[in-house]
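Architecture at a glance
Letter by letter, the chains look like this.
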Amino acid sequence: LAAARMALEIRRSIPHAHGGAILCVAYNPYARHIFTGGQDSLIKCWQSESGELVRSLSEHAGWVTGLAFANEIRSLFSCGIDGQLIAWSAKGDVVDTQRAGGKDASAGEARRSQSGPLHCLAWDSRRQRLLVGGNGSIWVYAFSTSDGSEYSGGKRSLQLLGELRDERGRAPHSSRGMAEPVRGIVIDEMGKVFTVGYDRALRVWDSARTEGPPAAAVDEPRGKPARRPPPSAESLMANLYSSTGCHDGAISAVTSDPDNNWLITGGFDRTIRVWSGDAKRVSELHGFGDTLTGLAYVPATRALWASANSPQPFIYDPRTLSDVTKYHLPEAASPAQLERTAMHRIQRLFTLWDTGEVLASTNTRQLLIWRFNPHGAASILHAHTDWVEALAYAHKPAERGEHGDEVGQDSLELISAGSDAVIRRWEPASRHNPALFDHTTSDAGHDGAVLCALYCGAVECFVTCGDDSTIRLWPEAGPTAAPRQPQVLTEHTDRVTGLALVGASTLASVSWDLTLRLWQLDAAFDTGAAAGATHASTHVIQNAHDDYILSVAFSPELGQIASSSADQGVKLWDVRCDTDSSPVDADGEMFVPEGKRGKRCCGVLLGHTSDVSCVKWSEPLALWVTSSEDRTVRLWNRGGVQVGEYRPPGDGITALALDRCHGCVIVGTMDAAVRIYAVAPDLSGESLWPFELKLVQTNSGHADAVRCVLHVPERQLYVTASWDRSIRVWRAYSPRTGNGAEGADAADLGDAQAEEHDDGSDRQQTYAELHPLTEPKWLRKGGALERRRGEGGLRARRKIKPAEMDDATSKASSALGLKLLELETRLKATFTEPAAKPAPVRRARTSGEAGSMRRAASGREPSSRSVL
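The residue count restarts for each chain, going from 1 along the sequence in the order it is written. With pLDDT at 70 or above as the cut-off, local features in this predicted model cover only qualifying residues; side-chain atom pairs require 80 or more to be listed or tallied, and sums for whole chains, interfaces and linings still use all residues. Hydrogens are left out, water is left out, and the side-chain values use all remaining heavy atoms of the structure.

1. Digging into the overall build of the chain
- Helix and strand content of the chain: seven helices and 60 strands.
- The buried share of the chain, taken over its 868 residues, is 50%.
- Whether two residues are in contact is decided by their heavy atoms: any pair within 4.5 Å suffices. Contacts in the chain between residues far apart in sequence, at least 24 positions, make up 52% of those at least 6 positions apart.
- Only the protein chains shown count as covering a residue, and every accessible area follows the Shrake-Rupley method with a 1.4 Å probe. As displayed, the chain offers around 40,800 Å² of accessible surface, 49% of which is attributable to carbon and sulfur atoms. Comment: elements are numbered from the N terminus, with helices defined as DSSP H or I runs of at least four residues and strands as E runs of at least two. Each residue's exposure class comes from its accessible area (1.4 Å probe, protein chains only) as a fraction of the maximum for that residue type: buried when under 20%, exposed when over 50%, partly exposed otherwise.

This is the structure in structure tokens:
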């Protein structure tokens, strides 16, 4: 599912970062500094987390065209059109400066190679060499000390090892006898070097192979090891492959795809082409409106970002070159935002391989930084013109042949609906990426907002309900589905707010008309049923609650239907026990109409202090889960006794769902976040309830309240619908096991603490909060330290007998010995005598008043939209 990780979000924007266009970037992972070079001849250092300017470096006399940071030696290298190659320390001090070509050690004498501007550079971490590209030429440098050994503690300097030559001994990038600028140098993990230039050529070099014999050792004075001279130009690296005429115009951008071992280039011919490691074309993409100015591959999302002087980057799947931009970028919120976006043009794109971040420079000298959010949306679906309220999906596994092998492919269909009264169908857009969906068709029929949806596999249809007091059945679409007409169920007299399947083909529905009804869906699609035909319910309970009924759920294990209401309660109905019709009660008590059957009320869940907006049955946990406008989520066991309670942050609960695989509780809130809670027994004894909810994941990205959450276990996805008119697809929560379990617990604790201290501000969590320190295993009770101490000390060779203790103490006459004994005593007290744990303070549990839960409905006026 790694291909579905597409959650890149803008983390920071730095306006007016340079006085001119930004041309190159580099990253120091140790200090978390971002270096940028631009047309203003400056190199600027930025703090990655805060975006603050740390320092500016001004040694170049022209455009800074290349930057590279060498992690192994913690040094920065830069080049520019002034022909200077400069080595910097991590603190910004100039270590060495050389002109292009400088002194060529491979020629045996000092000579000036082709002098001119430098256009790019790259650091080869495998061979620890620096490659610099100029006009047609590529030079190889080493970073050596004054005594000839590399990377020692002496004074460091740049040493020119030689110049790369093609198979004819000429500069590798030249066209018709004229040297062309080298546009880019890319080095992969295996030591292959790819160079491209304005001559439209692609050359592949192997730094692990040489074309000439190794140089002979030079004798040193006695007592010193033999020293080998710098390699010759022919022995630097072998030119493996060459491809000329790669584009119809000069190559203007280049990046690598390490996941597929591909090189990706863009040119002035407005095309993108993908190349294998042996310089053979794999695929190409046409149709851009301008020159390709930037390319960046994002390893965290396995996506290719491209810019062609466009307001937004284009995003592609490099394996198929399919456009997936619409799944990544949110729609503009207003015409003003569209106008502001149109003013910016993305010029260059860069990937920070150490962090996975994407940097972009614009024509307004702005620096944009995208960061991968592992809990962000994998894709964004846009089609609705108003609030999205309901989601449902249908999955059909692949058919199996005679020998049990799969024949064909499984299918998945998703529907969404909302306040625009349109049912929209979605199908997977890619077999490689399960998080991508394409909008296929739309169905109209409801005369108002659609509030709820589900799928009935027994009759192969989707079921929706809404404000128009109708329930509509939509046959499943597909090439193999039999053509059937949509059906309508019309007995409710007010908005229908909840649907649930009872068994294979029985539907339970609840409404603001205070009724609970059961329907047989298979009878609705009998042969000859016409569109719009009326169908009768089989069971009806009038006045099932004292106030509006808001939700319904079914427990197959208990054989019970649960209905939640604005009367602050949840009622349980036994589906195995029918009741006969009863006369109408003048006081408004529940009854069964004449000619109908009912169900017996077998229990009530009491405890909420406001409208119970949703009720769900958790099969993995065998618990009822409810949410309410009192901002709490509560857990109830089979007997209807409350066993858990939690108050999520977020200023109100707007959606509730359950993870069908792990039993997690998924909560959507008014703050546009989706939080996933793991349910576990309380082993600490500090909680009032036997079960506790522990925050394990937070997904954020919506711009308004989340109104519906859907779990798709077949694709390991969460799908959410929101009032921001969008649908977002997320990676489902997956518990981390093995060695990473403790780290996961620590991260979960950090998230929970951050939520508890959430003051509503848009505060970025610090690195310490996201990655809290954990106590090492060897320091814990029963760990390696305590076991070794039990053997007689950290460095004891044998166990000291009690009779020898006084002798050992007397020998510790020195100050160091006394200090060590004192430290040993303190450590022993720490690890062998833990402080007594204070007894938990339990507060008295308040019992709710028993009663009829009746609340007068006459004082409430239905609103146009139900806000949970």
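2. Topic: the confidence of the model for the chain
- On a range of 0 to 100, pLDDT expresses the predictor's confidence in each residue. Residues of the chain with pLDDT of at least 70 account for 74%, and the chain-wide mean is 80.
- Ignoring residues within four places in sequence, the model shows residues 1-5, a span with pLDDT below 50, making 18 contacts including any to other chains.
- Taken as a whole, residues 834-868 scores under 50 in pLDDT and shows 54 contacts with residues more than four places along the chain or in a different chain.

3. Describing the pairing of strand β30 (residues 367-372)
- Two strands qualify as a pair provided DSSP detects at least 2 bridges between them. Examined bridge by bridge, strand β1 (residues 8-14) and β30 share six bridges and lie antiparallel to one another. Bridging across to β30, S13 finds its partner in L368.
- From the end of strand β29 (residues 357-362) to the start of β30, which pair antiparallel, there are four residues, and R365 there has a positive phi angle of about 65°.

4. Notes on the side chain of H535
- Note on placement: H535 falls in the loop between α2 (521-524) and β45 (539-541).
- For H535, a relative accessible area of 18% translates into the label buried.
- The residues contacting H535, other than those within four sequence positions of it, are Q487, V488, L489, E491, W519, A523 and A524.

5. Things to note about the pattern of salt bridges
- For this document, the term salt bridge refers to a Lys or Arg side-chain nitrogen within 4 Å of an Asp or Glu carboxyl oxygen. All told, the structure shown has 28 salt bridges when counted by the stated rule.
- In this structure, E389 and R707 form a salt bridge, with 2.9 Å as the shortest nitrogen-oxygen distance. In this pair, E389 sits in strand β32 (residues 388-396) while R707 sits in strand β58 (residues 706-712), placing the two residues 318 residues apart along the sequence. Across the pair, exposure class does not vary: E389 and R707 are buried alike.
- Here R600 makes a salt bridge to D574, at a shortest N to O gap of 3.4 Å. Taken together, the residues span a long stretch of sequence, with R600 in strand β49 (residues 598-606) and D574 in strand β48 (residues 569-579) at a distance of 26 residues.
- Salt bridges linked by common partners bring R11, E49, E357 and R371 together as one network.

6. Focus on the environment of R99
- Locating R99 in the fold gives a position in strand β9 (residues 94-99).
- From its side chain, R99 meets the backbone oxygen of D82 in a polar contact 2.5 Å long. In the analysis that follows, any N or O atom pair within 3.5 Å is treated as a polar contact, provided that within protein one partner can donate a hydrogen and the other can accept it, and provided that, for residues neighboring in sequence, both atoms belong to side chains.

7. Some details on the nonpolar core
- W305, L381, L414 and F437 are the most contacted members of the largest nonpolar core, which has 33 residues in total.
- Setting aside anything within four residues of it in sequence, one finds W305 in contact with L8, G294, L295, A296, V298, P313, F314, I315, L349, V358 and W370.
- For the purposes of this section, nonpolar cores are sets of buried Ala, Val, Leu, Ile, Met, Phe, Trp, Tyr and Cys residues that join through side-chain atoms within 4.5 Å. Listed in part, the 18 residues of the second largest apolar core include I73, W123, V132 and F143.

8. So, the packing of aromatic side chains
- Aromatic pairing here means that ring centres of Phe, Tyr or Trp (its six-membered ring) are within 6.5 Å. Orientation follows from the plane angle: under 30 degrees is stacked, over 60 is edge-to-face, and everything else is tilted. Across all of its chains, the model carries 12 aromatic pairs by this definition.
- On the numbers, 5.6 Å between centres and 75° between planes, the contact of F288 with F314 is edge-to-face. With F288 in the loop between β23 (281-285) and β24 (294-298) and F314 in strand β26 (residues 314-317), this pair connects stretches of sequence that are 26 residues apart.
- Taking the centre distance of 5.0 Å and the plane angle of 55° together, the rings of Y455 and F462 count as tilted.
- Look at F462 and you get buried, because its relative accessible area is 0%.
- Members of the aromatic cluster, each reached through a chain of ring pairs, are F77, W123 and F143.
- Positioned over the ring face of Y30 is R74, at 3.7 Å from the centre of the ring. In this scheme, Lys NZ or Arg CZ marks a charge over a ring once it lies within 6 Å of the ring centre and within 35 degrees of the ring normal.

9. Description of the state of the cysteines
- Two cysteine sulfurs form what is called a disulfide whenever their separation falls within 2.5 Å. All told, the structure shown has zero disulfides when counted by the stated rule.
- C461 provides the cysteine sulfur closest to C456, a residue in no disulfide bond, and the two sulfurs are 5.3 Å apart.
- Judged by its relative accessible area of 0%, C456 falls in the buried class.
- Between C661, a free cysteine, and C664, which holds the nearest cysteine sulfur, the sulfur-to-sulfur gap is 9.5 Å.

10. Things to note about the side chain of D574
- Overall, D574 belongs to the buried group, its relative accessible area being 10%.
- At 3.0 Å, the side chain of D574 forms a polar contact with the backbone nitrogen of R576.
- Beyond its immediate stretch of four places on either side in the chain, D574 contacts G559, K599, R600 and C602.

11. A closer look at the environment of Y646
- Within the secondary structure, Y646 sits in strand β53 (residues 642-646).
- Separated by 47 residues in the primary sequence, Y646 and L693 place their C-alpha atoms 6.5 Å from one another.
- Look past the residues within four positions of Y646 in its chain and what remains in contact with it is R631, T632, V633, Y677 and L693.

12. Considering the sheet that holds β1
- One open sheet accounts for four strands, arranged β1-β30-β29-β28; its pairing is antiparallel. In this open sheet, the two strands that pair with only one neighbour each are β1 and β28 (346-352). Averaged over all neighbouring strand pairs, the angle between strand axes comes to 25°, with direction disregarded. To define axes, lines are fitted to C-alpha atoms, for helices over the stretch in contact only, and angles between the resulting N-to-C directions are given on a 0 to 180 degree scale.

13. Some remarks on the sheet that holds strand β37 (residues 437-444)
- The strand order β32-β35-β36-β37 describes an open sheet built from four strands, whose pairing is antiparallel. The open sheet terminates on both sides in strands that have one partner only, identified here as β32 and β37. Going across the sheet, the axis of each strand differs from the next one's by a mean of 25°, ignoring polarity.

14. Some details on the pairing of strand β56 (residues 673-681)
- As defined by bridge partners, strand β55 (residues 665-669) adjoins β56 across four bridges and the pair is classed as antiparallel. Across the sheet, residue V665 finds its bridge partner in β56, namely Y677.
- Taking the residues between adjacent antiparallel strands as the criterion, β55 and β56 are bridged by three residues, where A672 takes a positive phi near 70°.
- Here β56 pairs with strand β57 (residues 691-700) via nine bridges, running antiparallel. Paired with A678 across the strands is K694, a residue of β57.

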